[in-house]
Amino acid sequence: MSRPRITVVGLGPAGPELLTTATVSAIASHRHRYLRTSRHPSASAVEGAASFDNAYEQAPSFDDVYGDIVERLVAAAIEHGQVLYAVPGSPAVAERTVEMLRLDDRIDLDVLPALSFVDLTWVRLGVDPLTERPRIVDGHRFAVDVAGDHGPFLVTQCHSVDILSSIKLAFDNDAPATVTVLARLGLPDESIRVIDWADLDRIPADHLTSLWIPRIRTPLASSIVSLEEVMRSLREQCPWDRQQTHVSLAPYATEEAAELVEAVQALLHSGNGELDDATDAAIDHLADELGDVVFQVVFHACLAAERGWFTLADVFDGLAAKLVRRHPHVFTPAGVSPDEWRVETPDDVHRNWQAIKARERADKPTFLPER
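Treat the numbers as computed from the prediction; the structure is a model and nothing was measured. (Residues numbered from 1 in each chain as written. Predicted model: local features only at pLDDT ≥ 70, side-chain atom pairs only at ≥ 80, totals over all residues. Heavy atoms only, no water.)

A few words on the overall build of the protein chain. The number of helices and strands found in the protein chain is 14 helices and 10 strands. For 371 residues, the compact-globule estimate of 2.2 N^0.38 gives 21 Å, and the C-alpha radius of gyration of the protein chain, at 28 Å, exceeds that figure by more than 25%. If one aligns the C-alpha atoms of the protein chain with their principal axes, the spans along those axes are about 85 × 50 × 45 Å. Taken over 371 residues, the protein chain has a buried fraction of 35%. Considering only contacts within the protein chain whose residues lie at least 6 apart along the sequence, 64% involve residues at least 24 apart. Of the roughly 21600 Å² of accessible surface on the protein chain, a fraction of 54% belongs to carbon and sulfur atoms. Each charge sign in the protein chain was given a centre, from 34 positive and 57 negative side chains, and these centres are 4 Å apart. (Helix = DSSP H or I, 4+ residues; strand = E, 2+ residues; numbered from the N terminus. Rg over C-alpha atoms; globule rule 2.2 N^0.38 Å. Buried < 20%, exposed > 50% of the residue type's maximum accessible area, 1.4 Å probe, protein only. Contact = heavy atoms within 4.5 Å. Areas by Shrake-Rupley, 256 points an atom, 1.4 Å probe, with all protein chains shown as cover. Lys, Arg positive; Asp, Glu negative; His and termini not counted. Charge placed at Lys NZ, Arg CZ, Asp CG, Glu CD.)

This brings us to the state of the cysteines. Tallied over the entire structure, the rule returns 0 disulfides. Between Cys238, a free cysteine, and Cys302, which holds the nearest cysteine sulfur, the sulfur-to-sulfur gap is 12 Å. Judged by its relative accessible area of 23%, Cys238 falls in the partly exposed class. (Disulfide = S-S within 2.5 Å.)

Another point: unusual backbone geometry. One non-glycine residue, Gln157, lies in the positive phi region at around 55 degrees. Within the fold, Gln157 resides in the loop between β7 (153–156) and α8 (161–169). The phi torsion at Asn272 lies on the positive side, around 55 degrees, for a residue other than glycine. For Asn272, the position within the fold is in the loop between α11 (246–270) and α12 (280–306). Here Asn272 falls in the exposed class, since its relative accessible area comes to 73%.

Moving on to the sheet that holds strand β4 (residues 82–87). Taken together, 5 strands build an open sheet; the order of strands is β3-β2-β4-β1-β5 and the sheet is parallel. Strands with a single pairing partner mark the edges of an open sheet, and in this sheet they are β3 (50–51) and β5 (108–111). Of the strand pairs in this sheet, strand β1 (residues 5–10) and β4 are connected by 6 bridges, and their pairing is parallel. Paired with Val9 across the two strands is Ala86, which belongs to β4. Seen against the sheet, helix α1 (residues 21–29) touches β1, β2 (33–35) and β4 and runs at an angle of roughly 140 degrees to β1. Running at roughly 150 degrees to β4, helix α3 (residues 62–80) makes contact with β1, β2 and β4 of the sheet. (Pairing = 2+ DSSP bridges. Axes fitted to C-alpha atoms, helices over the stretch in contact; angles between N-to-C directions.)

Tallied over the full model, the rule gives 7 aromatic pairs. Taking the centre distance of 6.0 Å and the plane angle of 80 degrees together, the rings of Phe142 and Phe153 count as edge-to-face. On the criterion of sequence distance, the pair formed by Phe142 in helix α7 (residues 142–145) and Phe153 in strand β7 is long-range, its members being 11 residues apart. Across the pair, Phe153 and Phe142 agree in class, each one buried. Measuring from centroid to centroid gives 5.9 Å for Trp240 and Tyr252, while their planes differ by 75 degrees, and the two rings are edge-to-face. (Phe/Tyr/Trp six-rings, centres within 6.5 Å; stacked < 30°, edge-to-face > 60°.)

Let's shift gears to the pattern of salt bridges. Pairing of side chains with opposite charge becomes possible as their charged atoms draw close. One pass over the structure, following the stated rule, counts 18 salt bridges. For Asp201, the salt bridge is made with Lys168, and the minimal N-O distance between the two is 3.2 Å. A residue pair is termed long-range when its members are at least 10 positions apart, and Asp201 in the loop between β9 (191–196) and β10 (209–213) and Lys168 in helix α8 qualify at 33 residues. Its relative accessible area of 22% is what places Asp201 among the partly exposed residues. (Salt bridge = Lys/Arg side-chain N within 4 Å of Asp/Glu carboxyl O.)

In this section: the sheet that holds strand β8 (residues 178–183). A sheet is described by the order of its strands in space; here 5 strands give the open sequence β6-β7-β10-β8-β9, paired in mixed fashion. Each of the sheet's edge strands pairs with one partner strand only, and the pair in question is β6 (135–138) and β9. When strand polarity is set aside, the average angle formed by the axes of neighbouring strands in this sheet is 25 degrees. Bridge count for β6 against β7 is 4 bridges, and the pairing is parallel. Looking at the pairing, Arg135 lines up with Phe153 of β7. Its contacts with the sheet place helix α5 (residues 117–125) against β6, β7, β8, β9 and β10, and it is angled at close to 135 degrees to β7.

To continue, consider helix α14 (residues 346–362). Between its first and last C-alpha, α14 extends 24 Å over 17 residues, near the 24 Å set by a 1.5 Å rise per residue. Taken as a whole, α14 has its buried residues at Asp348, Asn352, Ile356 and Glu360. Taken end-on, α14 shows its buried residues confined to a sector of 105 degrees, consistent with a single buried face. Exposed residues lying more than 90 degrees from the buried face of α14 are Pro346, Asp347, Arg361 and Ala362. Check the buried side of α14 and you find it contacts α13 (312–325). (Expected span 1.5 Å × (residues − 1). Arc of directions from axis to C-beta.)

Below, the structure written as structure tokens:
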């Protein structure tokens, strides 16, 4: 007995005129037709199709949306024996539901090739992807996926001002001067324009908007953003991380700090008492233990952000402000003479630090019980 079959076709990047002959034939030969979304210029070519638009309204995340669509498609294939599934663009490009269907052993899958928005993009930009080797990244995960990379980048899924804003903020001081915005390629109102980077989150955007970001001089300084994303994913998906609190994590801070001290001692030992002669293994071990300490900071900041208390950025901003306050010999406060905080020795610096720290503590309430 043959298994249920799903035939996947792509609706191309624009109107019905860019549909392949094979796609048109497949649509005509299937009685039961489904659209991932009706929000596409070629959706009308799949006459009588049921769409999964309501899945986007009901599910809490995109992963849940795609899982729901796959389950409903498989159920329809089991019921009818054979169904057609039409997706925007090409089934082979950034189509998570097709990836999931390929792994589903309940059905047989046919995937027909189609023109992708990527193909139109290369033509419009005059870019040879084999020569320039651009990366195609999802706007939802921009800061995470491009951390440490020089580009160039073709950024997809730029369907809202919020997404554009997050992309803009992923750069610190190394943002490119301009960015190319590609909208509704292949349609009569197609738009390709170069705008200032500062204006990126001031333009309209929809599901047919993408960005071309040229090669940048230095990689994105977004490692912290990437780490925050990993931490949020752990809180959402890992049972252990999900149940932690500030209280349950507190003992680990002491443990990780002690292991960092041991790593420093091992660093010195590996070089026979000389840091300059430390081994690569000991140096890597130090970096690893520093990461474990940072993880504690990130974890506590994530928990605080969930409660609306403060964010990791607030922690860093507060630390920077504290370092400035406690080094008046370097960052002389306005209206204060540099001579007032002049130092000659490390002991002078330490004395000033303790004096400023004591003054700050006197101005703050204490929450610890008296011993």
